[in-house]
Amino acid sequence: MKEKKRKLHWYQTRKVRNSLKRAKKTAGYFFTFLGSAILIYVLCTFVLSRISVKGQSNKGATIQIYLMKSGVHTDFILPVRNDIKDWRTEFPLSNTGFKDSLSKLISIGWGDKTFYMNTPTWADLTIKTALTVPFGLGPSAIHATYYQQLLDDRPNISLHLTPRQYAKLVHYIEKTLDRNKKGRTKFIKATMPGVVTGNDAYYAANGRYSLFFTCNSWVNAGLKACQQKACYWTAFAGGIFYQYGK
């Protein structure tokens, strides 16, 4: 009987040890793969963002726009209205707190809806949001902000577009917007304090935010759409600003 117990104990101990070895080996493979994937991603982001996509001639350019960097995020800064587009038809002032009719510029950016609605500051970032946003699991949104003048406390790039080029950019942004059956934009009411500041509002958008198509990738694709210099691909604002020597 004692011999049987001894053999059973030895067998169970060996089984546990083998299980631990397999788990350790599996964990080693996982973290090696994860580390390699992160390294490849960072290298691709750096290299591909340094490859330039040349823009077309801007001869006859009469419309000035800007690219503005806010932390890790890039926005288009456009005239509120001109002969080509009045953005108030897409983003009504009535949806903002200030309803500022004196605004001359509008900032338009794209991103993950969950992040926008639940993360007014980095301190509000939750594990759930951090784990779901990079993998394109949630819907996206457009953030539209009205300004009376260009903010001078953030990096920006000035671009001049021809009416034809600007029309292409307008079309690119219009395609991103999700619309109801009547063709109107879908206003997203922010409920968490700090998400909106009074001159801005959010609207439902098409597409999914992910590691491979970020808010900066969206702006970069918009630059290509309106025939401006851009990165071959970028996930970060730094790539776009590098192309313009910023």
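The rules behind the values
- Residues numbered from 1 in each chain as written.
- Predicted model: local features only at pLDDT ≥ 70, side-chain atom pairs only at ≥ 80, totals over all residues.
- Heavy atoms only, no water.
- Core = buried A, V, L, I, M, F, W, Y, C linked by side-chain atoms within 4.5 Å.
- Buried < 20%, exposed > 50% of the residue type's maximum accessible area, 1.4 Å probe, protein only.
- Helix = DSSP H or I, 4+ residues; strand = E, 2+ residues; numbered from the N terminus.
- Expected span 1.5 Å × (residues − 1).
- Arc of directions from axis to C-beta.
- Axes fitted to C-alpha atoms, helices over the stretch in contact; angles between N-to-C directions.
- Parallel < 35°, antiparallel > 145°, perpendicular 65-115°, else oblique.
- Left-handed = near helix turned anticlockwise from the far one by under 90°.
- Contact = heavy atoms within 4.5 Å.
- Polar contact = N/O pair within 3.5 Å; in protein donor to acceptor, adjacent residues only side chain to side chain.
- Pairing = 2+ DSSP bridges.
- Phe/Tyr/Trp six-rings, centres within 6.5 Å; stacked < 30°, edge-to-face > 60°.
- Lys NZ or Arg CZ within 6 Å of the ring centre and 35° of its normal.

Visitor: Help me understand the nonpolar core in this model?
Guide: In summary, soluble globular proteins display a tendency toward joint burial of nonpolar side chains. Phe76, Leu78 and Phe91 are the most contacted members of the largest nonpolar core, which has 39 residues in total. In terms of nonpolar packing, the next biggest core, distinct from the first, is built from 7 residues, Tyr116, Met117, Ala141 and Tyr202 among them.

Visitor: What is the right way to read helix H4 (residues 163-176) from this model?
Guide: Because an α-helix completes one turn every 3.6 residues, residues spaced three or four positions apart along the sequence face the same direction. Between the first and last C-alpha of H4 there are 20 Å, a value that for 14 residues agrees with the 20 Å anticipated at 1.5 Å per step. Among all positions in H4, only Gln165, Tyr166, Leu169, Val170, Tyr172, Ile173 and Thr176 are buried. Down the axis, H4 shows its buried residues gathered within 160° of arc, on one side only. Away from the buried face of H4 by more than 90 degrees, exposed residues Arg164 and Lys175 are located.

Visitor: I would appreciate a short explanation of the packing of H4 against helix H5 (residues 215-225) in the present structure.
Guide: Relative placement of two packed helices is described by the angle separating their axes and the distance separating the axes. Where H4 contacts H5, the axes come no closer than 8 Å and their chain directions differ by 140°. Viewed along their axes, H4 and H5 adopt a mutual orientation that is oblique. Between H4 and H5 lies a crossing whose hand is right-handed. Every residue of H5 that contacts H4 at Lys168, Leu169, Tyr172, Ile173 and Thr176 is listed here: Trp218, Ala221, Gly222 and Ala225.

Visitor: I tried to follow the side chain of Asn199 on my own but got confused; where do I start?
Guide: When you line up the elements, Asn199 lands in the loop between strand S7 (187-188) and strand S8 (200-205). Taking the relative accessible area as the measure of exposure, Asn199 reaches 16% and is therefore buried. Engagement of the side chain of Asn199 in a polar contact is seen with the backbone oxygen of Tyr146, the distance being 2.7 Å. Here Thr197 takes part through its side chain, which lies 3.0 Å from a polar atom of the side chain of Asn199. Setting aside residues up to four positions removed in sequence, Asn199 forms contacts with Thr96, Phe98, Ala144, Thr145, Tyr146 and Tyr147.

Visitor: Hey, could you run me through H5 in this one?
Guide: Among the 11 residues of H5, 8 are classified as buried, and the element is accordingly described as predominantly covered. Every buried residue of H5 is accounted for by Cys215, Asn216, Ser217, Trp218, Val219, Asn220, Gly222 and Leu223. At the N-terminal boundary of H5, the capping side chain belongs to Thr214, with an oxygen 3.2 Å from the backbone nitrogen of Asn216. In the segment just after H5, Gln227 is the residue with positive phi, at about 65°.

Visitor: What is the right way to read the pairing of S8 from this model?
Guide: Along a regular strand, successive side chains alternate from one face of the sheet to the other. When you tally the buried positions in S8, you get 6 out of 6 residues, the bulk of the element. Residues Asp200, Tyr202 and Ala204 point to one face of S8 and Ala201, Tyr203 and Ala205 to the other, with burial holding for every one of them. With 6 bridges connecting them, strand S5 (residues 140-147) and S8 associate as antiparallel partners. Opposite His143, over in S8, you have Tyr202 as the bridge partner.

Visitor: How do you make sense of the packing of aromatic side chains when you look at a structure like this?
Guide: We describe a pair of aromatic rings using the distance from one ring centre to the other and the angle between the two ring planes. Under the definition given, this model contains 10 aromatic pairs. Centroid distance Phe76 to Trp218: 5.7 Å. Interplanar angle 70°. Geometry classified as edge-to-face. With Phe76 in strand S3 (residues 73-79) and Trp218 in helix H5, the pair connects residues that are 142 residues apart, well separated along the chain. Residue classification places Phe76 among the buried residues on the basis of a relative accessible area of 0%. For Trp218, a relative accessible area of 2% gives the class buried. The ring of Trp87 has Lys85 lying over it, and the distance from NZ or CZ to the ring centre is 5.3 Å. Above the ring of Tyr232, the side-chain terminus of Lys224 is found at 5.8 Å from the ring centroid.

Visitor: What is the right way to read the sheet that holds S3 from this model?
Guide: Strands pair in a sheet through their backbones, by hydrogen bonds, and they do so in one of two ways: parallel or antiparallel. Here 7 strands make up an open sheet; going across it, the order is S6-S2-S3-S4-S5-S8-S7 and the pairing antiparallel. Where the open sheet ends on each side, the last strands, each with one partner, are strand S6 (156-161) and S7. Pairing between S7 and S8: 2 bridges, direction antiparallel. Residue pairing in the sheet places Phe187 in a bridge with Tyr203 of S8.

Visitor: Sorry if this is basic, but what is going on with unusual backbone geometry here?
Guide: The general pattern is negative phi for most residues beyond glycine and trans for most peptide bonds. In this structure, Lys99 takes a positive phi of about 55° despite not being glycine. Within the secondary structure, Lys99 is located in the loop between S3 and strand S4 (105-112). Despite not being glycine, Gln227 has its phi angle at roughly 65°, a positive value. The residue Gln227 is located in the loop between H5 and strand S9 (230-231) in this model. The class of Gln227 is partly exposed, set by a relative accessible area of 26%.

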